[in-house]
Amino acid sequence: MTSPAVKAPRGGPVTRKDVARYAGVSTAVVSYVVNGGPKKVAPATEAKVQDAIRVLGYRPNAAARALKLGSSETLGLIIPDNTNPFFSLLAHAVEDAAAELGYALVLSNSDGNLAKERRNIRNLAARQVDGVLLASVLFEPDLEALETADIPAVLLNQERDAPGFNSIGVDLAAGARIAVEHLISHGHTNIGLAMGTNVSGSMDGREVGWRQALQEAGLQEGPVVYSGFTWPGGYSAGQRLVASVNRPTAIFSTSDTQAVGLLRAIHEAGLAVPGDIAVVSFDGSIEAEYSWPPLTTVEQPVAAMAEAAVNALVGARRGGQPKHAIFPTKLHVRQSCGCP
C-alpha cells in the first residue's frame, strides 16, 4: 500500500514525477510501466505504479511522447465504407495487427468518393501519422500529401503490383474463376454477373475471372448488371437479372453485401435459391454465413492480409523496399450454390 502521508498534487496536470513520488519509485520505472518496457518491472512494483496512476488520474502526454520518440505511434486507415461487413472485418484486423506492434489506429471512410479520399489523406498527413493504409478507389492513388510529409503508405485491396508502392491483395480473377467453375460443375450454362462498380476505369479482376471461366468451358456469357458494392446495389442488380429475357440459372455476385441484396430480389420474385437461381459471392464476410440460404463465397484471408499490410508499413518506415503481396483465396461452400 502507498503511504497515506504522500498526497496527490493539486493545481496543474499530474506529471510522471508525481506518480513516481506517490508510488515510491523512480520516474524511469513509471516510464517502463506506462510504455510496457523496455525493461521489465516486478509485478508488485507495477501494481504500485498502476495504483498511483489511478489515484492521481495521470494521463501520459501523447504529444510530448511523440516529440521525444519522433513517432506518433499512430497509423491511419482509409477504407471505402466501414458499414460494409468486409471492410469492417478488414479494419478490425488492421487495428489488431497495429496494436500488436504498439500502434493506435485512426479510421476514416472515403465513401468510394475520390475527393473525400484525397481529403482524408491530407487530414492524416496533417496529423503526422506514422503511416497510412489505403483501400483506394483508384489503382494508383494520389499520395502527394503523404510523400511531401515523408509518410509511407500501403495500398490495400490491390490485385496488381502498383509500382513504387507497398501493396496487399488477392488474385481477384483467380478467385472469380473458382466461383464460376463451381457453378459450372453444378451443370449451369447460363451464369449471370452482378458486378460492383468502381471509378478506376479498368476492368475489375472478378469480371475478368468470370469471363475467363465461361470461355474456358465453351459457354456464352450470361447477362451482366453493374451496380454499387452495397445492399441496395445488389437488390437492384437482382431485380434486373430476374426480369431479364435471358434469366440466368446462376449468378456470380462480386461481393457478399451485393449478394444479400440479390437474395432479397430473388425471393421477392417468388423464386428459390438455389432451386431456381444459384448464387455464389466474393469476400467471405460474416454475413455470408448468416444470410438465407447461407452463401457459398470466395473467402479472402483478411487477418493474414492485415498483418502483412501493417508489417509492410512499419518496414517502409525503416527503409524497406516496396513489395506487392498476393494472397490466395478459397471457396467456402454453403447452400446457395446447390451443395447440400
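Right above here is the structure, for reference.
Owing to the predicted nature of the structure, the values given are computational and were not obtained by experimental measurement. Here the residue index of a chain counts from 1 through its sequence in written order. Local features are withheld for residues below a pLDDT of 70 in this predicted model, meaning they are given only at 70 or higher, and side-chain atom pairs are given and counted only at 80 or more; totals for whole chains, interfaces and linings count all residues. Side-chain measures were taken over the full set of non-hydrogen atoms in the model, leaving aside hydrogen atoms and water.

A. Looking closely at the nonpolar core. We call a set of buried Ala, Val, Leu, Ile, Met, Phe, Trp, Tyr and Cys residues a nonpolar core when their side-chain atoms join them within 4.5 Å. Accessibility here uses a 1.4 Å probe with only protein chains present; expressed as a share of the type maximum, an area under 20% marks a residue as buried, one over 50% as exposed, and anything in between as partly exposed. Among the nonpolar cores identified, the biggest contains 46 residues, and Leu 133, Val 154, Leu 156 and Phe 252 are the most heavily contacted of them. Every residue pair with non-hydrogen atoms within 4.5 Å of one another is taken to be in contact. What Leu 156 contacts, discounting residues up to four positions off in sequence, is Leu 77, Leu 90, Leu 133, Leu 134, Ala 135, Ile 168 and Ala 309. Ranked by size, the runner-up nonpolar core spans 16 residues in total, among them Leu 241, Val 242, Leu 263 and Leu 295.

B. Structural detail: the sheet that holds strand S6 (residues 191-196). In space, the 6 strands of this open sheet follow the order S7-S6-S8-S9-S10-S12, with mixed pairing throughout. What marks the edges here is a single partner per strand, and that holds for strand S7 (224-227) and strand S12 (330-332). Geometrically, the sheet is characterised by an average inter-axis angle of 20° between neighbouring strands, direction not taken into account. The pairing of strand S9 (residues 278-283) with strand S10 (residues 296-299) spans 4 bridges and is classified as parallel. If you follow Asp 283 over to S10, its bridge partner there is Glu 299. Strands are treated as partners if at least two bridges between them are detected by DSSP. Only runs of H or I of at least four residues qualify as helices and only runs of E of at least two qualify as strands under DSSP, and these elements are numbered from the N terminus. Axis definition: a line fitted to C-alpha atoms, limited for helices to the stretch in contact. Angles are taken between N-to-C directions and run from 0 to 180 degrees.

C. Spatial organisation of the sheet that holds strand S5 (residues 166-170). Across the sheet, which stays open at both edges, the 6 strands sit in the order S2-S1-S3-S4-S5-S11 with parallel pairing between neighbours. Of all the strands in the sheet, just strand S2 (104-109) and strand S11 (324-327) have a single pairing partner and so form its edges. Averaged over all adjacent pairs, the angle separating strand axes in this sheet is 20°, with direction ignored. Bridging between S5 and S11 involves 4 bridges; their strand directions are parallel. Its bridge partner lying in S11, Val 170 is registered against Phe 327. Packed onto the sheet, helix H6 (residues 114-126) meets strand S1 (74-79), S2 and strand S3 (131-134) and runs at close to 175° relative to S1.

Read these as geometric descriptors, not functional statements.
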